[in-house]
Structure formats: structure tokens, C-alpha cells
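# Coordinate inspection notes
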Amino acid sequence: MREEDLATKFAAYAETRLPGARNARVSSINRIHGGASRQTYSIDLAYEDATGPKVKALILRRDPPDSLIDTERRVEFAAIKSAYGQRDLPVPEALFLETKNDALGAPFFVMGRIESGTPLNPFKLDDVEPHRAAIGEQFFRHLGSIAALPVEGSALAVETETPALDQCWRRELDYWANEIRSNAKDPQLVAEAAIRHLERNPPPPAQRLSIVHGDYRTGNYLQDGEGTMTAILDWEMAHIGDPYEDLAWATDLLWCANDQERAAGLLPWPEAIEVWQKASGCSFDPAAFEWWSLFAHVKALGIWVTSEKAFANGENDDPILAWSGWFTHSAHELMLAMRLGPKYGAGA
Amino acid sequence: MSDIGMILDRIGRKLVTEVAPKLEGDYSGGHAGMSGLMAVMAGEAWDGAADRLVNEIASMRGLLALAGQEVSVPESPSVKISDLTTERNALANLLIAVQIELEGRGDDMSRDLNAKIWMHLMATAMARMPSPPIIAEGAE
């Protein structure tokens, strides 16, 4: 759909959803890089209501023909609702959700736009200077705060299943193993060996059930360049599970240019863990974390092979999917091989 | 014949340093930059692709022989990447089955062979890893 047509249809839709709104029109629309999993537009909506003219700054997230991950926009919408206004989490307001194609030709949801901040490129993390420590403190504090959000009664709990404490790992591993097996175009020797290793050496049960963001990492938050994280974005993989899943994903070495000294390339490890423990109320168990850290590589491979398939099939021609299927897939395969090989006597 | 690796490298650098900056602010600018980076990487990978596959195939045939497997996978009719990939993938499926069997045993010989398979996996993963392109800021 052309952007002009999308703008016209969106204005008509928004007018029906905003109480008392009339003469709604889109005064500005720009497609932005908001992840390849949805088509993301920044929109200024002008309208009038009983109190006079208004302009609302919005983000429209519309489903593409295919995406990085097969997710329900209902889940992302519910996750944002669950976190909005909680503790001091910088999360946009979830506004409208449409699961049918009628209004804009595809399902979509709309959230408020947070005006300040840009994402950091995980491959250029030095750009965070001179605010590395400040961003790092917020990064791990917010991550802990998400883990501490109430699950029971949350919007996310309505939309997703709540696993038993001892089944969090099994559910996630089964899901991503299936993604790999269903979507890989070549045999995945390293991923298969890693899946078997994780099955044979399960982690302890989750210490609590948490809202898991699912893709909390550098690249998926905004920062204002002055030391403040202004928004946590990209909640499409959110679910209820073990809080270690987010901690391990957030500190995966891909997202910090292989910085082994600092967690997520932001804070010294002891400091990062202390901040996360304080905010989450969880305790840190290195053995459990080791399992989830290896799992993070497997999960990544699941995303990358799915991306590659979508690109190869021509379902989505965003070059980021080709990059994911090649560079990042190779990186995670290498990480897994180098971590697991020595456990089996290789390279010792 | 033209140097394909060189052509891809030059096209990629042109996209990153000239085309993408002119599209800055437009969604297609990101596409141009990413496509350029991958063209540079493809130029490098093009040169080594057949060599890498031949090495993987030789290593897997060796491991399967050590495992006492009778391998019916035919050798590639050519050194085309597509033919070599077909052979490599067929051998890889056999190697997965062998590794599963070895993991189910506890004897020293099985552990030793499994360690060798892991060494193959580590070497293969290293060989497959593309080097991120280095493109100087503002380079023409």
C-alpha cells in the first residue's frame, strides 16, 4: 500500500477510535527502521475535538507479508500494556489494536510515540560514551524491573500461557528447536548438538514466573545521548517465563561486540548483576545462567534461520533478513561451537 | 574473466559510501547500506566458498569412516557450489545421526570420536564466519 493511501485510511480509522475526534488527517508519515518484524511508521495525526485542534504523535506497527518471528501482534500489544506506567519503565502507551485486515489491509497496532532518543547500534556500542555507566545502570535496572512486574492479572497473562516453574526452559527450548527444524534450509549440526546438550543438562526450575520481554538488548531501546534510556521497544517476543531468559539474551555477546569484561558491553559483570538482582528481587545462580546463556544462542539461531527462509522465499526482501541469515547466524554458530566443544573434549 | 570478488567488493563500497548517505532519512537508505556491506562480504566469500565446502566434505567423510559408517552419498559431479552443498548436506545429516549415537554411549572410543566431531564443528564454524567489512568513514 502506498504511504499516501495508508495515511488516508489511517486517519479515517483513527477518527473512529478517538472520542469526539473530527477532521482527522495525517500531517506526517515516515516509515522507520523499527525491526524487520513489523512495518513501522512514525505518524503525526492532526484532528479536532471539543477542546480545539490537536496533534497526536503515534507509532503504527503493521504486519508485513512475513516477519523475523511468527508472533501475534496481540501479544506485543498486551506486553506493552502490562509494562506501561509500571515502576519507572520507559514504555510507550499502547493505544489501538486491530487484528483484522479491514482498516489498513493487514493487522496492526498503534502506540504513543516517545519523542526523544535514538537506538544504539549494537555493532557500534562505543557511541554510548561518555554515558556507558549511566545507560548500563538503567539497562539492568529496567531489565530487573520487567522481571519484577506482576504476572497474575497482567494483560500479557490473558493472551499467553503461563508455564509451570519447572517447564519454562522446556517450553522455550521446544519452541526454538522446532523453529530451527522447520525453517533451516541446511542441516544444523551445531544447533542440533546444542539442543541435545541443553536437553540433557536442564536448568533448575525458575525461581519465579516473570514477564519476559524476549528481545531486550542494545538496539531495542532508545537513549537520548545524555545518559537516559527513554524507551524500551520491540516487545513482540514477550511471554511469561524464567527471568534468566531475558538476562541471558540481554548479555549475549552478539549485542556487545564480544565484550567479555562488561555485561552487555555496558557495566562490569558484578555491578550489572547487583543492579539486576536489586531491581528484580531475584538471586543470581551462575549454573542456571550458563544454561540460559547457551539457550540464547540457540534461540538466536532459530530467529536467524527463519529470517533466511523468509528472505530466500521472497516473502520479505528486507536485506536485514539476509544479514541475519548469514552474518549473525555464523556468529552464533561459532559461539556455540566454541563454548560446547571443550565440554566434549575438543580443543582442550 | 572478470574478478567477481573485486566487482562485488567495489559495488558494495559504492553502495555504502555513496548511495546510502544520499538516501539518509529514507527507509531505502538502510537497505542500500546493508546491501553494500553484504556485497563486500559476498565478494570475500565468493573466493573461498568452494574451498570451504571441499574441506568440510573431506573432514566429514573422514569422521564417518572413523565411525565405521558405510557412506552411500555420491561425490559431487562437479565443483559447483550447488553440487558441493548437496553433498555436504547429505553427509551432515549422517554425521548428526552418528553424533547422537555416540552421545548415547559412555566408552572412551565414543567420547574420543565425539571430541573429533566437535573439533570439526569448531573448525567449520570458524571457517564460515565472514569477516565484518571495514569501510572507512567518509571513504569514496
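No experiment lies behind these values; they were computed from the predicted model shown. Every chain is numbered independently, its residues counted from 1 as its sequence is written. Here chains are named by letter from A upward and ligands by number from 1 upward, in the order in which they appear as written. Per-residue local features are limited, in this predicted model, to residues with pLDDT of at least 70; the limit for side-chain atom pairs, both in listing and counting, is 80 or more; totals at the level of whole chains, interfaces and linings are taken over all residues.

### Some points on the overall build of chain A
What chain A contains, in helices and strands, is ten helices and twelve strands. In this setup the radius of gyration rests on C-alpha atoms only. A globule is expected at 2.2 Å times the number of residues raised to 0.38. In summary, chain A has a C-alpha radius of gyration of 21 Å against a globular reference of 20 Å for 348 residues, a match within 12%. C-alpha atoms of chain A, sized along the principal axes, occupy 70 × 45 × 40 Å. Here a residue counts as buried when 20 or more other C-beta atoms sit within 10 Å of its C-beta, as exposed when there are 12 or fewer, and as partly exposed otherwise, the C-beta atoms being derived from the backbone. Of all 348 residues assigned to chain A, the portion counted as buried reaches 49%. Nonlocal contacts in chain A, meaning residues at least 24 apart in sequence, comprise 70% of its contacts between residues at least 6 apart. Working definition: helices are DSSP H or I runs of at least four residues, strands are E runs of at least two. Numbering for both runs from the N terminus. Here the contact rule is simple: place C-beta atoms from the backbone, and any two residues whose C-beta atoms are within 7 Å are in contact.

### A look at the interface of chain B and chain A
At the interface, 25 residues of chain B touch 26 residues of chain A. Ranked by the residues each element gives to the side of chain B that touches chain A, the list is headed by helix 4 (residues 108-128) of chain B, at ten residues. Under the scheme applied here, ten amino acids are nonpolar (Ala, Val, Leu, Ile, Met, Phe, Trp, Tyr, Cys and Pro), four are charged (Asp, Glu, Lys and Arg), and all others, including Gly, are polar. Partitioned by chemical class, the residues of the side of chain B that touches chain A number 15 nonpolar, seven polar and three charged.

### Here we look at the environment of Pro268 of chain A
All names here are of chain A. Structurally, the position occupied by Pro268 is in strand 12 (residues 267-268). For the pair Pro268 and Ile59, spaced 209 residues apart in the sequence, the C-alpha separation amounts to 35 Å. What Pro268 contacts, discounting residues up to four positions off in sequence, is Glu261 and Arg262.

### Quick notes on the nonpolar core
Formed by 137 residues in total, the largest nonpolar core has its most connected members in Phe10, Leu143, Val190, Ala194, Phe295 and Val298 of chain A together with Leu121 of chain B. Looking at which element gives the most residues to this core, the answer is helix 9 (residues 286-312) of chain A, with 14 residues. Here the bounds of each domain stem from an automatic or database domain assignment. Here this core spans two domains, and each of domain 1 (3-112) and domain 2 (118-344) of chain A adds at least three residues to it. Those residues in contact with Val298 of chain A, other than ones at most four positions away along the chain, are Trp176, Ala191, Ala194, Ile195 and Leu198 of chain A. By convention the nonpolar core is taken to be a set of buried residues drawn from Ala, Val, Leu, Ile, Met, Phe, Trp, Tyr and Cys and joined through C-beta atoms within 7 Å.

### What to know about the environment of Val73 of chain B
Residues and elements named next belong to chain B. Summarising the element assignment, Val73 is placed in the loop between helix 2 (27-66) and helix 3 (81-103). Separated by 18 residues in sequence, Val73 and Leu91 have C-alpha atoms that sit 6.9 Å apart. Each residue touching Val73, except ones within four places of it in the same chain, is listed here: Glu87, Ala90 and Leu91.

### A short note on the packing of helix 2 of chain B against helix 3 of chain B
Residues and elements named next belong to chain B. Viewed as axis vectors pointing N to C, helix 2 and helix 3 meet at an angle of 30°, and their least axial separation amounts to 9 Å. The orientation of helix 2 relative to helix 3 falls into the category roughly parallel. Of the two possible hands of crossing, helix 2 and helix 3 adopt the one that is left-handed. On helix 3, the residues touching Ala49, Ala50, Leu53, Val54, Glu56, Ile57, Met60, Arg61, Leu63 and Leu64 of helix 2 are Ile81, Leu84, Thr85, Glu87, Arg88, Leu91, Ala92, Leu94, Leu95 and Val98. Considering only residue class, the contact of helix 2 with helix 3 consists of 15 nonpolar, one polar and four charged. Lines are fitted to the C-alpha atoms to define the axes, a helix being fitted only along its stretch in contact, and any angle between axes, read from their N-to-C directions, falls within 0 to 180 degrees. When an angle is under 35 degrees it counts as roughly parallel; over 145 it counts as roughly antiparallel; between 65 and 115 it counts as roughly perpendicular; any other value is oblique. Here a crossing is taken to be left-handed if its near helix is turned anticlockwise relative to the far helix by less than a right angle, and right-handed if that turn runs clockwise.

### A look at the domain arrangement of chain A
Residue and element names in this part refer to chain A. Each assigned domain of chain A is listed here: domain 1 (3-112) and domain 2 (118-344). On the side of domain 2, 29 residues touch domain 1, which itself brings 25 residues to the contact. Across the side of domain 1 that touches domain 2, the residue classes tally to 14 nonpolar, six polar and five charged.

### Here we look at the sheet that holds strand 4 (residues 94-98) of chain A
All names here are of chain A. The rule for pairing is simple: two strands pair if DSSP sees at least two bridges between them. The strand order across the open sheet built from five strands is 1-2-3-5-4, with neighbouring strands paired in antiparallel fashion. Where the open sheet ends on each side, the last strands, each with one partner, are strand 1 (22-32) and strand 4. The sheet shows a mean angle of 25° between the axes of neighbouring strands, direction not considered. Taken together, the eight bridges between strand 1 and strand 2 (residues 39-49) define a ladder with antiparallel strand orientation. Paired with Val26 across the two strands is Leu45, which belongs to strand 2. Against the sheet, helix 1 (residues 3-17) contacts strand 1, strand 2, strand 3 (52-62) and strand 4, and its axis sits at roughly 135° relative to strand 1. Each of strand 3, strand 4 and strand 5 (108-112) touches helix 2 (residues 73-83); the most contacted strand, strand 4, lies at about 165° to it.

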